Amino acid sequence: MRAPVATTCAYCGVGCGIVATPGAGDREVAIAGDTNHPANRGRLCIKGTTLGDTVGLEGRLLYPMIGNRRASWDEAARFVARTFADTIAEHGPDSVAFYVSGQLLTEDYYAANKLMKGFIGSGNIDTNSRLCMASAVAAHNRAFGEDHVPVGYEDLEAADLIVLVGSNTAWCHPVVWQRIEAARAARGTKVVVVDPRRTETASEADLHVRIAPDGDIPLFRALLAEMRGRGLVDGAFLDDRCVVPDGFWTNLDGAHGEDLPDAFAALADLVAAHPRMVTVFSMGSNQSVRGTDKGNAIINLHLALGRIGQAGMGPFSLTGQPNAMGGREVGGLASTLACHLGFADDEREAVAGFWGTDRLCSGPGLKAVDMFRAVDDGRIRAIWVMATNPAVSMPDAGFVRKALEKCPFVVVSDCMADTDTARLAHVRLPAKGWGEKNGTVTNSERMVSRQRPFLAPAGEAKADWRIVAEVAAAMGHGAAFGWTGPAAVFRENATMTGLAARRGLKLDFTAMADLSDEGYDALEPFRWGTGNLRADGFSFADRRARLVDVAPLAATPFDPAFPLRLNTGRYRDQWHTMTRTGLSARLATHRPEPLAEVHPIDAAVAGISDGGLARIATPRGATVLRVRVTDAQAKGTIFAPMHWSDLFASGGRTNRLTSPAHDPVSGQPGFKDCAAAIAPVVPEWRAFLASTGEPVGPDVLYWAKARQAKGWLVELAGVGDVPLDAVLPEGRRLEAEDTRRGMQRIAVIGEDGRLAAAMFVTRSGDLPPRDWIAAQLGDDAAGPVELLAARPATPRPDPGPQVCVCFDVGLNTILAAIAQQRLTSVEAIGRALNAGTNCGSCRPQLSAILRETNLAEAAE
C-alpha cells in the first residue's frame with residue numbers, strides 16, 4: 001500500500017473529504033471518509049464509499065480520436081484550433097460555443113471561461129449547472145447582490161427548525177441528512193419536508209407539506225403573509241439591512257394556505273415557534289419555470305423575519321454537483337463574466353485589463369437551452385462539450401441529439417470513450433478522471449477543497465485546463481495560457497477575485513494569490529465569504545438586501561391528451577447519466593431498472609399493474625418504463641429517474657420527455673413539472689439474461705441492463721420472436737422448455753467449462769429469481785439441473801431485496817432479525833446487522849420497515 005492521499009469526492013455538492021489509499025495494483029484503491037474534513041468529518045454515502053469500483057480503465061478514452069482514428073495530441077489540438085478559428089473567421093465569434101460541467105475542477109473552468117469570453121470574444125460558454133443551480137444563483141443575485149450562500153453546514157446543527165423544500169436529502173445529499181439526523185438527536189430539531197412526493201426524506205419528517213407541483217410559491221407567499229399577520233416581521237432588520245419594494249406587502253394580500261389547511265397551520269406554528277430556522281432548497285425548487293421566484297420567495301421569508309446572518313438561520317441552496325459552485329465563481333455561466341462580475345462597462349474594462357485582451361466578449365452568451373437551439377438552427381457551427389452528456393441530460397434530449405448530429409463540428413473532451421454525446425463527436429479528447437485530476441472544487445457551503453491525484457493518467461489523458469491551454473496556444477493565444485501547472489491557474493484565479501473584492505463582493509481568494517506550488521499541494525479546506533453578514537451587510541453598494549416581489553403562481557393549462565404531470569429526479573445510488581456509477585455492481589442493486597412511479601388510482605384508471613410496463617408520453621416523445629405503483633406518489637403525477645441513457649436501457653432516457661420551457665430569469669429548465677400521459681404496454685414475452693460479457697442492447701420492446709459482480713443482468717420484454725442468438729454468446733447450450741407455460745431456459749457453457757450466460761424466457765408464467773444464477777457466472781460448480789432451475793439443489797436462505805448496500809443486508813434478513821430479536825429501532829437494527837451504520841442512506845427505509853412491521857403486528 002502506498003501513502004494515503006486526502007482528496008474530495010467526485011459526486012454531489014456536499015463536498016466530502018476522502019482518504020484514498022492506493023493498493024498494490026495499478027488501479028486499486030481503498031476509500032475512506034476523511035475525519036479531518038469539515039464537510040463530512042469521516043462520513044460517506046454509498047456512492048462515495050464505492051468510488052474505488054469506478055477507477056479502472058474499463059470504458060476509458062485513452063487517446064485523442066479524430067473520427068474513428070487515433071491521433072496525436074498535437075494533431076488533435078491543432079485540428080480543433082484550426083476548425084474553431086476558421087468558423088470564427090467566417091461566421092463570427094458567436095458561431096462557436098463551449099458547454100461545460102460541474103464535474104470540472106475550478107482550474108479547468110477558469111481556463112475554459114478565459115478562452116471563450118476573453119480571447120475568442122463570445123459569451124457562449126454555459127455549464128450543466130444551468131440545469132440544476134441557475135435559479136438559486138439568480139435568486140441570490142436579486143436578493144443579495146451576489147451569488148453568495150449565506151449559511152454553512154454548521155447552521156443545520158444549530159437550527160431548531162429545518163425546512164427542506166424540493167430536496168430528497170436522505171437520498172441526494174445523504175451526508176447532509178446524517179448531520180440533520182444528528183441535530184435532531186442532539187437538540188430535538190424539527191424537520192419539515194415540502195414536496196409533492198412522499199419521499200424517503202418526507203417519510204422521516206415531523207411534518208410533510210404535500211404541495212401540488214410548483215406549489216412552492218403560493219406556500220411561501222402565504223407563509224410570509226401569515227407571519228406578518230402574527231406580528232413576527234422584524235421591522236428593525238428590514239429598516240437597517242433591506243430594501244422593500246413599493247407595494248410588496250399589498251401584493252401579498254390574498255395569499256393563503258387554504259389548499260393545505262391542516263399542513264399549513266402546522267407549518268405556520270412551527271415557523272412561528274422556532275426563530276432558529278434554516279430553509280434548505282434544491283432541485284425540486286430550482287428546476288422550474290418559476291425557479292428564481294421560488295428561491296426569492298424563500299429568501300423573502302428569511303429577510304422579513306430577520307432569520308439570516310445568525311447561527312442556525314438562513315436560506316440554504318444545496319448544490320447538486322461537486323464543483324457547480326466553483327464554476328459559478330469563475331464565470332462558467334453564460335450570464336456572468338468572471339469572478340462574480342457582470343458585463344457593465346467598468347467590469348468589462350477591469351476583466352479585459354486583467355487578462356490583457358482586446359477581444360473580450362461584449363455581453364452575456366446563450367444559456368443552455370438557447371445554446372442548443374442555436375446549434376440546431378445553424379447560428380452555432382462548432383461546439384466543444386466538456387465532461388458532460390447533454391444528449392441525455394438536457395430537456396427535450398431528442399431535439400438536442402438531432403441538433404448535435406447536424407452540427408458541422410462537435411468536440412467532446414471526456415474521460416469516457418462511449419457516451420451518448422461522444423457518439424456524435426467529430427473529435428474526442430481524453431481527459432483525466434477522478435483520482436488523476438489535480439485542482440480545487442467548491443461545495444454548497446463555499447468550502448474550497450483540493451482534489452489530488454493518486455493514480456497515473458489513463459493512457460494519454462490530460463487535465464482539462466491543459467487541453468484548453470493547448471488549443472488556446474494553437475489559436476495563437478499561448479502567452480495568456482502558459483501555466484506551468486494547476487497551482488499557477490489557481491494563483492491567477494485567486495488574484496482575479498480581487499476585482500470582485502474591490503467592488504464590495506464577498507468572493508475573495510486574494511490571500512491565496514501568492515501560494516507556492518508546495519502550499520497548493522498542502523492546501524487545507526477553506527471557506528470564502530465568512531464575514532459577519534449582519535454587521536458587514538450584503539453585496540449591493542448600499543449593503544442592503546432586496547426583498548423581491550414574487551407574483552402569484554399562474555394556473556397551468558390542462559391538456560386532456562396529457563392529463564398527468566411528469567416529475568423527474570435522482571435515485572439514491574446513481575449519479576447523472578451513470579457513466580461512472582454504472583460501472584459499480586454494488587450501486588446497481590438498489591434500483592437495477594428505471595421505474596415510473598404512479599399513484600394506485602392513476603394506475604387503476606390506466607389499467608397498469610405494479611411491475612408491468614407502461615408507455616409514458618409527452619408532447620416531445622414517448623418511452624417505455626417498468627411501473628412501480630405506490631401511494632408515495634401524488635395522485636395525478638408520475639415520477640421517473642433521469643440517469644439511464646441509451647447505453648443502459650432502451651427507454652430510460654427520460655429527458656426525451658421533459659420540456660425545454662425554462663425560467664425567464666435564470667434560463668433553468670422546468671424538469672419537475674410537464675404534461676404527460678400513461679398507458680399500459682403488454683409484451684408477448686418477458687425474459688432476463690445473465691452474462692459474463694456486456695451484451696449489446698437488442699432491438700426489442702424493452703431492455704435494461706445492470707452491472708453485476710461477475711457480469712451483467714439484462715431485463716427484456718418484447719413481441720414476436722425472442723432474439724436468443726442476438727444476445728447469447730457462443731458456447732455449449734443447455735436448454736429446457738415448458739411449452740404449456742411458454743417457458744424457455746438456456747444456459748451457455750464457455751470453452752473453459754464455466755457458465756458464460758443464462759437466459760430465462762416466459763410468455764405467461766413467472767421468471768425465477770435472478771440473484772443466484774447471476775452469482776454463478778464464470779463458475780463451474782453448479783450442475784445443469786441447478787443452472788436451468790436457477791436455484792441450488794439444496795435451498796439456501798433468501799436474504800430478499802437488498803436494503804443496505806454498504807453491508808449487503810436484504811429485506812428478509814432484516815424482517816427475521818426484527819421478529820427474532822424484537823428490534824424496535826433503526827439503531828437496534830444497526831447494532832444487530834450493521835444496516836444503516838455507514839452511509840445512512842437506507843435508514844429511512846429501515847424506519848419504514850419498522851412501521852410496517854408494527855402495523856402488521858397491531859392488525860394481528
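Refer to the preceding data block for the structure.
Just so we're clear, the structure is a prediction, and the values are computed from it rather than from any experiment.

K.L.:
When you look at the overall build of the chain in this model, what are you seeing that I'm missing?
P.N.:
Within the chain one finds 30 helices and 34 strands. Its C-alpha atoms give the chain a radius of gyration of 27 Å, near enough to 29 Å, the size a compact globule of 860 residues would have. Along the first, second and third principal axes, the C-alpha atoms of the chain reach 80 × 70 × 55 Å. For the chain, the proportion of its 860 residues judged to be buried stands at 64%. If you take every contact in the chain between residues at least 6 apart in sequence, the share linking residues at least 24 apart comes to 71%. Counting every atom, the chain has about 30600 Å² of accessible surface; 50% of that belongs to carbon and sulfur. A gap of 0 Å separates the mean positions of the 89 positive and 99 negative side-chain charges of the chain.

K.L.:
So what exactly am I meant to see when it comes to the environment of Gly-621 here?
P.N.:
Residue position: Gly-621 is located in strand E24 (residues 621-629). Among residues more than four places away in sequence, those in contact with Gly-621 are Ile-616, Arg-656 and Leu-657.

K.L.:
Any chance you could explain the sheet that holds strand E19 (residues 526-527) here in plain terms?
P.N.:
One key point about sheets: their strands pair by backbone hydrogen bonds, in either a parallel or an antiparallel sense. Taken together, the three strands give an open sheet; going across it, the order is E17-E18-E19, and neighbouring strands pair in antiparallel fashion. The open sheet has two edge strands with one neighbour each: strand E17 (439-442) and E19. Inspection of the sheet shows E17 paired to strand E18 (residues 447-451) by four bridges, in the antiparallel sense. Directly across from Thr-440, in E18, lies its bridge partner Arg-450.

K.L.:
Would you explain the packing of helix H16 (residues 368-377) against helix H18 (residues 397-406) in this entry?
P.N.:
In a packed pair of helices, the relevant descriptors are the angle between the two axes and the axis-to-axis distance. It is at 8 Å that the axes of H16 and H18 come closest, and there the two elements cross at 45 degrees. Comparing the axis directions of H16 and H18 gives the class oblique. In this structure, H16 meets H18 at a crossing whose hand is left-handed. Across the interface between the two elements, Phe-372, Arg-373, Val-375 and Asp-376 of H16 pack against Phe-399, Val-400, Ala-403, Leu-404 and Lys-406 of H18. Residues that form the contact of H16 with H18 fall into these classes: six nonpolar, no polar and three charged.

K.L.:
So what exactly am I meant to see when it comes to the sheet that holds strand E4 (residues 65-66) here?
P.N.:
If you trace the seven strands from one edge of the open sheet to the other, you get E5-E4-E16-E15-E14-E6-E7, paired in mixed fashion. Unpaired on one side and paired on the other, strand E5 (69-70) and strand E7 (125-127) mark the two borders of the sheet. Where strand E6 (residues 96-100) lies against E7, three bridges are found, and the strand directions are parallel. In the sheet register, Val-100 faces E7, and the bridge partner there is Thr-127.

K.L.:
How do you make sense of the pattern of salt bridges when you look at a structure like this?
P.N.:
Counting across every chain of the model gives 48 salt bridges. Arg-230 is the salt-bridge partner of Glu-226, the closest N and O atoms lying 2.9 Å from each other. Classification of Glu-226 by relative accessible area gives partly exposed; the value is 28%. When salt bridges with common partners are traced through the structure, they connect Arg-401, Asp-420, Asp-646, Arg-653 and Arg-656 into a single cluster.

K.L.:
Where do I start with the side chain of Thr-568 in this structure?
P.N.:
With respect to the helices and strands, the residue Thr-568 is situated in strand E21 (residues 564-569). Among the residues examined, Thr-568 registers a relative accessible area of 3% and is labelled buried. There is a polar contact of 3.2 Å between the side chain of Thr-568 and the backbone oxygen of Phe-671. Aside from chain neighbours lying at most four places away, what touches Thr-568 is Phe-639, Ala-640, Thr-654, Thr-658, Phe-671 and Lys-672.

K.L.:
When you look at the nonpolar core in this model, what are you seeing that I'm missing?
P.N.:
Nonpolar side chains in soluble globular proteins generally cluster together in the buried interior. Counting residues in hydrophobic clusters, the biggest one holds 73 residues, and the most contacted among them are Phe-84, Phe-98, Trp-384 and Trp-483. Apart from residues lying up to four places away in sequence, Phe-84 is in contact with Val-96, Ala-97, Phe-98, Ala-382, Ile-383, Trp-384, Phe-409, Val-411 and Met-475. Counting 48 residues, the second-largest nonpolar core is a separate cluster that includes Met-133, Leu-224, Phe-264 and Ala-304.

K.L.:
Sorry if this is basic, but what is going on with the pairing of strand E28 (residues 702-708) here?
P.N.:
Each regular strand shows side chains that alternate between the opposite faces of the sheet. The buried count for E28 comes to seven of seven residues, which makes it a mostly enclosed element. Residues Tyr-702, Ala-704, Ala-706 and Gln-708 point to one face of E28 and Trp-703, Lys-705 and Arg-707 to the other, with burial holding for every one of them. Across seven bridges, E28 lies against strand E29 (residues 711-718) in antiparallel orientation. Directly across from Ala-706, in E29, lies its bridge partner Leu-713.

K.L.:
I would appreciate a short explanation of helix H2 (residues 73-91) in the present structure.
P.N.:
Since the α-helix turns once every 3.6 residues, residues separated by three or four places project in the same direction. Counted at 1.5 Å a residue, the expected span for H2 with its 19 residues is 27 Å, and the 27 Å between its end C-alpha atoms agrees. Listed as buried for H2 are Trp-73, Ala-76, Ala-77, Val-80, Ala-81, Thr-83, Phe-84, Thr-87 and Ile-88. The buried residues of H2 occupy an angular sector of 160 degrees when the element is viewed end-on, so they sit on one face. Turned more than 90 degrees from where H2 packs its buried face, Ala-89 and Glu-90 sit exposed. Taken from the residues just after H2, Gly-92 is the one with a positive phi, measuring 95 degrees.

K.L.:
How should I be thinking about the environment of Ala-382 in this particular structure?
P.N.:
Summarising the element assignment, Ala-382 is placed in strand E14 (residues 382-386). Not counting residues within four places of it along the chain, the set of residues in contact with Ala-382 comprises Phe-84, Thr-87, Ser-95, Val-96, Ala-97, Cys-407 and Phe-409.

K.L.:
Looking at this structure, how should I read the packing of aromatic side chains?
P.N.:
Here a ring pair, both rings aromatic, is described through the centre-centre distance and the interplanar angle of the planes. Applying the stated rule across the entire model yields 21 aromatic pairs. With centroids separated by 6.2 Å and ring planes inclined at 90 degrees, the aromatic side chains of Trp-171 and Tyr-571 adopt a geometry described as edge-to-face. Taken together, the residues Trp-171 in helix H6 (residues 169-172) and Tyr-571 in the loop between E21 and helix H23 (585-588) connect sequence positions 400 residues apart. Cluster of aromatic residues (ring-pair linked, three or more members): Tyr-110, Phe-119, Trp-355, Trp-465, Phe-481 and Trp-483. The positively charged end of Arg-546 is found above the aromatic ring belonging to Phe-540, 4.1 Å away from the centroid.

K.L.:
So what exactly am I meant to see when it comes to H18 here?
P.N.:
Along H18, the positions that sit buried rather than exposed are Ala-397, Val-400, Arg-401, Ala-403 and Leu-404. Seen end-on, H18 carries its buried residues on one side only, within an arc spanning 160 degrees. Residues of H18 that are exposed and point over 90 degrees away from its buried face: Lys-402 and Glu-405. Packed against the buried residues of H18 are H16, E14, helix H17 (390-393) and strand E15 (409-414).

What counts and what doesn't
Residues numbered from 1 in each chain as written. Predicted model: local features only at pLDDT ≥ 70, side-chain atom pairs only at ≥ 80, totals over all residues. Heavy atoms only, no water. Helix = DSSP H or I, 4+ residues; strand = E, 2+ residues; numbered from the N terminus. Rg over C-alpha atoms; globule rule 2.2 N^0.38 Å. Buried < 20%, exposed > 50% of the residue type's maximum accessible area, 1.4 Å probe, protein only. Contact = heavy atoms within 4.5 Å. Areas by Shrake-Rupley, 256 points an atom, 1.4 Å probe, with all protein chains shown as cover. Lys, Arg positive; Asp, Glu negative; His and termini not counted. Charge placed at Lys NZ, Arg CZ, Asp CG, Glu CD. Pairing = 2+ DSSP bridges. Axes fitted to C-alpha atoms, helices over the stretch in contact; angles between N-to-C directions. Parallel < 35°, antiparallel > 145°, perpendicular 65-115°, else oblique. Left-handed = near helix turned anticlockwise from the far one by under 90°. Nonpolar A, V, L, I, M, F, W, Y, C, P; charged D, E, K, R; others polar. Salt bridge = Lys/Arg side-chain N within 4 Å of Asp/Glu carboxyl O. Polar contact = N/O pair within 3.5 Å; in protein donor to acceptor, adjacent residues only side chain to side chain. Core = buried A, V, L, I, M, F, W, Y, C linked by side-chain atoms within 4.5 Å. Expected span 1.5 Å × (residues − 1). Arc of directions from axis to C-beta. Phe/Tyr/Trp six-rings, centres within 6.5 Å; stacked < 30°, edge-to-face > 60°. Lys NZ or Arg CZ within 6 Å of the ring centre and 35° of its normal.

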